[in-house]
Number of protein chains: 2
Amino acid sequence: MTLPSLSDIHSAHVRIRPFIHKTPVLTSGQIDRIFGCSLFFKCENFQKVGAFKFRGATNAVLSLSAEEKERGVVTHSSGNHAAALALAASMNGVKARIVMPETAPVVKKNAVAGYGAEITFCKPTLQSREETTHRIIEETGAVLVHPYDNFNVICGQGTAAAELLEEHPDLDIIVAPIGGGGLMSGTSTCVKGLSPETLVIGAEPVNANDAWKSFKTGILTPSVNPLTVADGLLTSLSELTFAVVKKNVDDIFMVSEDSIIECMLLVWERMKIVIEPSSATVLAAVKENNEFFSGRKTGLIISGGNVDFRKLPFSQQR
Amino acid sequence: MTLPSLSDIHSAHVRIRPFIHKTPVLTSGQIDRIFGCSLFFKCENFQKVGAFKFRGATNAVLSLSAEEKERGVVTHSSGNHAAALALAASMNGVKARIVMPETAPVVKKNAVAGYGAEITFCKPTLQSREETTHRIIEETGAVLVHPYDNFNVICGQGTAAAELLEEHPDLDIIVAPIGGGGLMSGTSTCVKGLSPETLVIGAEPVNANDAWKSFKTGILTPSVNPLTVADGLLTSLSELTFAVVKKNVDDIFMVSEDSIIECMLLVWERMKIVIEPSSATVLAAVKENNEFFSGRKTGLIISGGNVDFRKLPFSQQR
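Every chain begins its residue count from 1, and numbering advances along the sequence as written. The naming scheme follows written order: chains are lettered A onward, ligands numbered 1 onward. Where totals are concerned, whole chains, interfaces and linings use all residues; where local detail is concerned, this predicted model gives features only for residues with pLDDT of at least 70, and gives and counts side-chain atom pairs only at 80 or more. Based on all heavy atoms of the structure, the side-chain values leave hydrogens and waters out of the count.

## Things to note about the nonpolar core
- What we call a nonpolar core is a set of buried Ala, Val, Leu, Ile, Met, Phe, Trp, Tyr and Cys residues that are connected through their side-chain atoms within 4.5 Å. Burial classification: accessible surface area is computed with a 1.4 Å probe over protein chains only, and a residue below 20% of its type maximum counts as buried, one above 50% as exposed, and the rest as partly exposed. Counting 80 residues, the largest nonpolar core has Phe41(A), Trp268(A), Leu283(A), Phe41(B), Trp268(B) and Leu283(B) as its most contacted members.
- What makes two residues a contact is simply this: any of their non-hydrogen atoms within 4.5 Å. Here Phe41(B) is in contact with Pro24(B), Val25(B), Leu26(B), Thr27(B), Ile31(B), Val267(B), Met271(B), Leu283(B), Leu300(B) and Ile302(B), once residues within four sequence places are set aside.

Spelled out as structure tokens, the structure:
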């Protein structure tokens, strides 16, 4: 099994740079004061399709051979990767077929359809997603671009951390959410290559803590029917992402559902930017481990901003 | 009655520049495509206290004499001006007393208290606000800083348009929300001074359309118990702001409650920034008058981003 290297991430960056946004790194004096920290938010919510996933998907599409581009791409995704692959494909004249759980947020379904991809709905289980995807591959010859268990996707995701460290080379810690491990694999490979002293921390919902379990036991342990408000983090590590995480990640911090929602609202209210629950896990990790972060310069990868505002995870007063 | 001039706004800008944020001007290819326009969002939601009101309040506080600073300031406000005056006062060692309607959004009450101001609650009527305020003035000698019927406040508010035109001098139209008329008085004075060919349009909820009525009839006609989701626009023009609006504003477009909510959600979803309903009136004006704006470069003053997320003006699916 070949693991990505820093130079693979550099190559990906050169390849995708004309297509992606270089997203801003924001700070908030108010949030720094609340937590007694010094935080740098790498805002991939402002990335195309509203999520870092566009980086990996673009790298995967641009890495296809001419013959593969003819056959098109297919993937299964809970949302952001679907939109990302749909747009990356359409920007490069490649047909995209997307398998989505019928329970995906409306805003994500609309985004995928808007980018001109062909959607096939499946049951919200890993098994149903994979079976539907394999059927499409057999019928059409489309190339699978897995949301995270894919070398080129991982390399693309790592470019967000590369931009963050370019702007702020002296970060003591970088925190990224961990779901299937694509973002964390790219991030940790990049950080340990560019700045070995910088600690890499994963933030994971306690309700979907397969990565934490796998990391602590050394045995790949997928989640069974996880349920978390961080709907981008329901997936489990693959052999590939687990190998990278084991090698490069310093620790994984679990966060509660309450902390995720509280920190999401805090960012909306204080920074006036929209981040999705999966992104709020990184600030929740700071909140729940205040002493660890106190006095250190910490970069937070804000993974995306796709929220279904008509179905919010907190109660409304009437 | 002395009306503010462009040079008054320039002086205010010099005075307040060390204290305010120079907010970004953002664009959205997606929203431009939806409306067939070219829109430039001046994002005062990223201003200190989350609203343009900090500009006017700061100018008012910095314009006080030493003796007036001793006595402190007082105001009545539905929210953003209250927080703005509280912070501007505390940054300059001046005591602030704030009269707020007991119905104000929780997020705005918390903000004012957080800036160290003394809050007195009143009934949510203009009469109750003014009586409570006058009582405080009699008891303490505090200087009234009216939210909009104040020369220095108007001059401060005009500096947002000055920054917008500095970055984009070739705008065909500038749209700002119109409530009490402070922002619109400053904006229109600035625009007609710097770029007389640029049209100045007010956006006003049809449910609080006193400015539209006054503008169309030439007779100052305050609203009676207006009810709109745009809670920053419940106030009516004063003699001073009406005089400026009559002189400098080209037209006022009324917008529906549905358009305001739809456009607020559109900005949240597509731009990943939080704007409050009052700010969404400007995009609603573009939506409801598409032909007028089509093919023209339009600047939109996004007045603020203070939203009570636990009390949203649209229905939630369960």
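Moving on, there is more to tell.
## Describing the domain arrangement of chain A
All names here are of chain A.
- Its domain assignment divides chain A into domain 1 (6–51 + 152–302) and domain 2 (54–150).
- Residue ranges for the domains originate in an automatic or database domain assignment. Put simply, the middle of domain 1 and the middle of domain 2, counted by C-alpha atoms, are 23 Å apart.
- Taken together, the contact between domain 1 and domain 2 spans 34 residues of the former and 25 residues of the latter.
- In total, about 2,300 Å² of surface goes out of reach between domain 1 and domain 2, with carbon and sulfur atoms giving 57% of it.
- As used here, buried area is the combined drop in accessible area, with a 1.4 Å probe, of two parts when they are placed together. Considering only the surface of domain 1 that becomes buried against domain 2, Phe19, Val49 and Val153 emerge as the three largest contributors, covering 29% of it.
- By convention in these notes, a salt bridge is any Lys or Arg side-chain nitrogen within 4 Å of a carboxyl oxygen on Asp or Glu. Where domain 1 meets domain 2, there are two salt bridges.
- A salt bridge links Glu44 to Arg55; the shortest N-O distance between them is 2.7 Å.
- By the criterion applied in these results, polar contacts are pairs of N or O atoms within 3.5 Å in which, for protein atoms, one can donate a hydrogen and the other can accept it, and in which residues neighboring in sequence qualify only through two side-chain atoms. Linking domain 1 with domain 2 are 13 residue pairs in polar contact (both at pLDDT 80 or more).
- The secondary structure listing takes helices from DSSP runs of H or I that are at least 4 residues long and strands from runs of E that are at least 2 residues long, numbered from the N terminus. Counting residues per element, the ones that place at least two in the side of domain 1 that touches domain 2 are helix 1 (6–16), helix 8 (151–157), helix 9 (159–167) and helix 12 (239–248).

## Structural notes on the sheet that holds strand 8 (residues 199–205) of chain B
Residues and elements named next belong to chain B.
- Strands sit in the order 1-2-10-7-8-9 across an open sheet of six strands; the sheet is mixed. This sheet does not close on itself; its edge strands, each paired only once, are strand 1 (25–26) and strand 9 (251–255).
- A pair of strands is considered paired only if DSSP assigns at least 2 bridges between the two. Bridge count between strand 7 (residues 173–177) and strand 10 (residues 297–302): three bridges; the pairing is parallel. Residue pairing across strands places Val175 opposite Leu300, the latter belonging to strand 10.

## A few points about helix 12 (residues 239–248) of chain B
Residues and elements named next belong to chain B.
- Taken across its 10 residues, helix 12 has seven buried, putting it largely inside the fold.
- For helix 12, the full list of buried residues reads Leu240, Thr241, Phe242, Ala243, Val244, Val245 and Asn248.
- If you follow the buried residues of helix 12, they end up packed against helix 8 (151–157), helix 10 (182–194), strand 8, helix 11 (210–217) and strand 9.

## A closer look at the packing of aromatic side chains
- Only the six-membered ring of Trp is used, alongside the rings of Phe and Tyr, when aromatic pairs are assigned; centres must lie within 6.5 Å, and planes under 30 degrees apart are stacked while those over 60 apart are edge-to-face, with the rest tilted. Going through the model one piece at a time under the given rule, you end up with 12 aromatic pairs over all chains.
- Summarising the aromatic geometry, the rings of Phe253(A) and Phe293(A) are spaced 6.1 Å apart at their centres and angled 90° between planes, so their arrangement reads as edge-to-face. Of this pair, Phe253(A) sits in strand 9 (residues 251–255) while Phe293(A) is found in helix 15 (residues 290–293), placing the two residues 40 residues apart along the sequence.
- Members of the aromatic cluster, connected to one another through ring pairs, are Trp268(A), Phe309(A), Phe314(A), Trp268(B), Phe309(B) and Phe314(B).

## Thoughts on the packing of helix 13 (residues 257–271) of chain A against helix 14 (residues 277–288) of chain A
Residue and element names in this part refer to chain A.
- Direction vectors running N to C along helix 13 and helix 14 enclose 100°, while the axes themselves pass 7 Å from each other. With respect to helix 14, the element helix 13 is oriented roughly perpendicular. Here helix 13 contributes Ser259, Ile260, Glu262, Cys263, Met264, Leu266 and Val267 to the contact with helix 14, which in turn contributes Pro277, Ala280, Thr281, Leu283, Ala284, Lys287 and Glu288.
- Residue composition of the contact of helix 13 with helix 14, by class: nine nonpolar, two polar and three charged. Axes here mean lines fitted to C-alpha atoms, for a helix over just the part in contact, with angles spanning 0 to 180 degrees between N-to-C directions. Note on angle classes: values under 35 degrees are labelled roughly parallel, values over 145 roughly antiparallel, values of 65 to 115 roughly perpendicular, and the remainder oblique. Each residue gets one label: Ala, Val, Leu, Ile, Met, Phe, Trp, Tyr, Cys and Pro are nonpolar, Asp, Glu, Lys and Arg are charged, and the others, such as Gly, are polar.

## Quick notes on the pattern of salt bridges
- Enumeration over the complete set of coordinates arrives at 24 salt bridges over all chains.
- Residues Glu139(B) and Arg135(B) are paired through a salt bridge, measuring 3.6 Å at the closest nitrogen-oxygen approach. Within this pair, Glu139(B) and its partner Arg135(B) are both found in helix 7 (residues 126–140), separated by four residues, close to a single helical turn.
- Linked by salt bridges that have partners in common, Lys42(A), Glu44(A), Arg55(A) and Glu163(A) make up one network.

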